[in-house]
Amino acid sequence: MTDYKEKFEKMRVAGKIASKTLDMLTDYIKPGVSTDKIDKLGYEFIKDNGGYSAPLFYRGFEKSLCTSLNHVVCHGIPSNRVLEDGDAVNVDVTAVVDNYYGDTSRMYEIGNVPVKAKNLIEATYDSLMKAISILQPGKKLGDIGFEIQSYVESKGYSVVRDFCGHGISNVFHEPPNILHYGSKNTGKELTPGMTFTIEPMINYGKYDTKVLNDGWTAVTKDKSLSAQFEHTVGITEDSCEIFTESVKGYTRPPYNK
């Protein structure tokens, strides 16, 4: 335990600020609010709580958060686009505190969301938590992907192949890659002290994606809905710790109900 105790302590702090940012934003994510406004609120909250936003200026990214609407899979860029009734949006926050990172995202339902979107969001969250529930030393990375893939495909959805989770600590993105599809008992073995994200991107239609001309925004090729949830976790001696759990107990939408 002593080998990674300090790392875990720092990641708890960063993870808590990231999750508290999403908690705070919940009241603002509603019809009539622009994704740019959400971005600015998130930036200020992280700064006011002693951190800074990792995406800002990362490889040229000009915003503090990612806001991915409807058929956007990930890396949506905040803009003057106003949230409308029926939209579903993923907000992805990464806070850096004392050089350690906390990375998390949640889906939000805007007004009256279609049942098919609600069902996709529910399945995506459940797939993340099913994967987290098996984490312990001795399991393998392929077991994580298997849990997610087998569950969502049983619901008729597909797992995005082009993007994955990643190792994270005092580096934003580091090995290993955490694929959200795979076979049991394959890949690297989990050991105490490992820290990484699990962030399944699940599509209502096919898993194929493309990146738009802005170089960031990834969308479904068939324009079907996509959903994502993300936690940063660490492997302990006998289980795992989630660093980015909501302080307010928010898990999946609807929040504040």
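Asker: Give a detailed account of the overall build of the chain, specifying residues and quantitative values.
Answerer: In terms of helices and strands, the chain carries four helices and 15 strands. Its C-alpha radius of gyration of 17 Å places the chain within 12% of the 18 Å reference for a compact globule of 257 residues. When the backbone C-alpha atoms are referred to their principal axes, the chain occupies close to 50 × 45 × 40 Å. Counting every position in the chain, which comprises 257 residues, the buried fraction comes to 55%. Within the chain, residue pairs in contact and separated by at least 24 positions form 70% of the contacts whose partners lie at least 6 positions apart. Summed over all atoms, the accessible surface of the chain reaches about 11,300 Å², with 47% contributed by carbon and sulfur. For the chain, the separation between the mean place of its 30 positive charges and that of its 34 negative charges on side chains is 3 Å.

Asker: How would you sum up unusual backbone geometry? Please name residues and give values.
Answerer: The step from P175 to P176 runs through a cis peptide bond, and the omega angle for that step is 0°. Assignment of secondary structure puts P176 in strand β8 (residues 174-178). Residue P254 is reached from P253 by a cis peptide bond, and omega for that bond is 5°. In this fold, P254 is placed in the segment after β15 (240-242). Here the phi dihedral of N99 falls at roughly 70°; this positive angle occurs in a residue that is not glycine. Position of N99 among the secondary structure elements: in the loop between β4 (88-97) and β5 (100-109). Take N99: its relative accessible area is 53%, and that puts it in the exposed class. Of note, K223 is a non-glycine position whose phi angle comes to about 65°, a positive value.

Asker: Any details on helix α1 (residues 5-25)? Residues and values, ideally.
Answerer: For α1, spanning 21 residues, the distance from its first C-alpha to its last is 30 Å, which sits close to the expected 30 Å at 1.5 Å a residue. Buried residues along α1 sit in contact with α2 (35-48), β4, β5, β9 (195-198), β14 (231-235) and β15.

Asker: Kindly report on the nonpolar core, identifying the contributing residues and their values.
Answerer: I29, V91, L135, I144, F196 and I198 are the most contacted members of the largest nonpolar core, which totals 56 residues. The leading source of residues in this core is helix α3 (residues 115-133), at eight residues.

Asker: Could you give me a rundown of the sheet that holds strand β6 (residues 158-159), with the residues and numbers involved?
Answerer: Spatial strand order, β6-β10-β13: three strands in an open sheet with antiparallel pairing. Whereas interior strands pair on both sides, the edge strands pair on one side only; in this sheet they are β6 and β13 (226-228). Strand direction decides the pairing type here: strand β10 (residues 201-203) and β13, joined by three bridges, are antiparallel. Paired with I202 across the bridge in β13 is A227.

Asker: With reference to specific residues and values, describe the packing of aromatic side chains.
Answerer: All chains considered together, the criterion is met by nine aromatic pairs. Between Y4 and F8, the aromatic rings sit 4.6 Å apart at their centres with planes inclined by 50°, giving tilted as the arrangement. Geometrically, the ring pair formed by F8 and F243 is edge-to-face, given 5.1 Å between the ring centres and 85° between the ring planes. Here F243 lies in the segment after β15 and F8 lies in helix α1, a separation of 235 residues in the sequence. Residue F8 shares its accessibility class with F243, and that shared class is buried. Counting every residue linked through ring pairs, the aromatic cluster contains Y4, F8 and F243. In this structure, R161 is placed above the aromatic ring of Y207, and the distance from its NZ or CZ to the ring centre is 4.2 Å.

Asker: Account for the pattern of salt bridges, with residues named and values stated.
Answerer: Per the counting criterion, the structure on display carries eleven salt bridges. With a closest N to O distance of 3.2 Å, K10 and D98 form a salt bridge. Taken together, the positions of K10 in helix α1 and D98 in the loop between β4 and β5 put the pair 88 residues apart, joining distant regions of the chain. Close ionic contact of R252 with D126 constitutes a salt bridge, the shortest N to O distance being 2.8 Å. With a gap of 126 residues between them, R252 in the segment after β15 and D126 in helix α3 connect regions that are remote in the sequence. Taking the relative accessible area as the measure of exposure, R252 reaches 23% and is therefore partly exposed.

About the cut-offs
- Position labels on residues start from 1 in each chain and follow its written sequence.
- Per-residue local features are limited, in this predicted model, to residues with pLDDT of at least 70; the limit for side-chain atom pairs, both in listing and counting, is 80 or more; totals at the level of whole chains, interfaces and linings are taken over all residues.
- Based on all heavy atoms of the structure, the side-chain values leave hydrogens and waters out of the count.
- Working definition: helices are DSSP H or I runs of at least four residues, strands are E runs of at least two. Numbering for both runs from the N terminus.
- The atom set for the radius of gyration is the C-alpha atoms, and the globule formula is 2.2 Å times the number of residues raised to the power 0.38.
- Note on classification: 1.4 Å probe, protein chains only; a residue is buried when its accessible area is under 20% of the maximum for its type, exposed when over 50%, partly exposed between these limits.
- For this analysis, residues touch if any pair of their heavy atoms sits within 4.5 Å.
- Exposure was quantified through the Shrake-Rupley algorithm and a 1.4 Å probe, taking into account, for residues, occlusion by the shown protein chains and nothing else.
- In summary, the charge assignment counts Lys and Arg as positive and Asp and Glu as negative, without counting His or the chain termini.
- Just so you know, the charge point we use is NZ for Lys, CZ for Arg, CG for Asp and CD for Glu.
- Any helix carries an expected span of 1.5 Å times its number of residues minus one.
- Note on terminology: a nonpolar core comprises buried Ala, Val, Leu, Ile, Met, Phe, Trp, Tyr and Cys residues joined through side-chain atoms within 4.5 Å.
- Any two strands with at least two DSSP-identified bridges between them are counted as paired.
- For this analysis, a ring pair means two rings from Phe, Tyr or Trp (six-membered ring only for Trp) whose centres lie within 6.5 Å, classed as stacked if their planes differ by under 30 degrees, edge-to-face if by over 60, and tilted for the remaining angles.
- Only when the NZ atom of a Lys or the CZ atom of an Arg is both within 6 Å of the ring centre and within 35 degrees of the ring normal do we say a charge sits over the ring.
- Each reported salt bridge corresponds to a side-chain nitrogen of Lys or Arg within 4 Å of a carboxyl oxygen of Asp or Glu.

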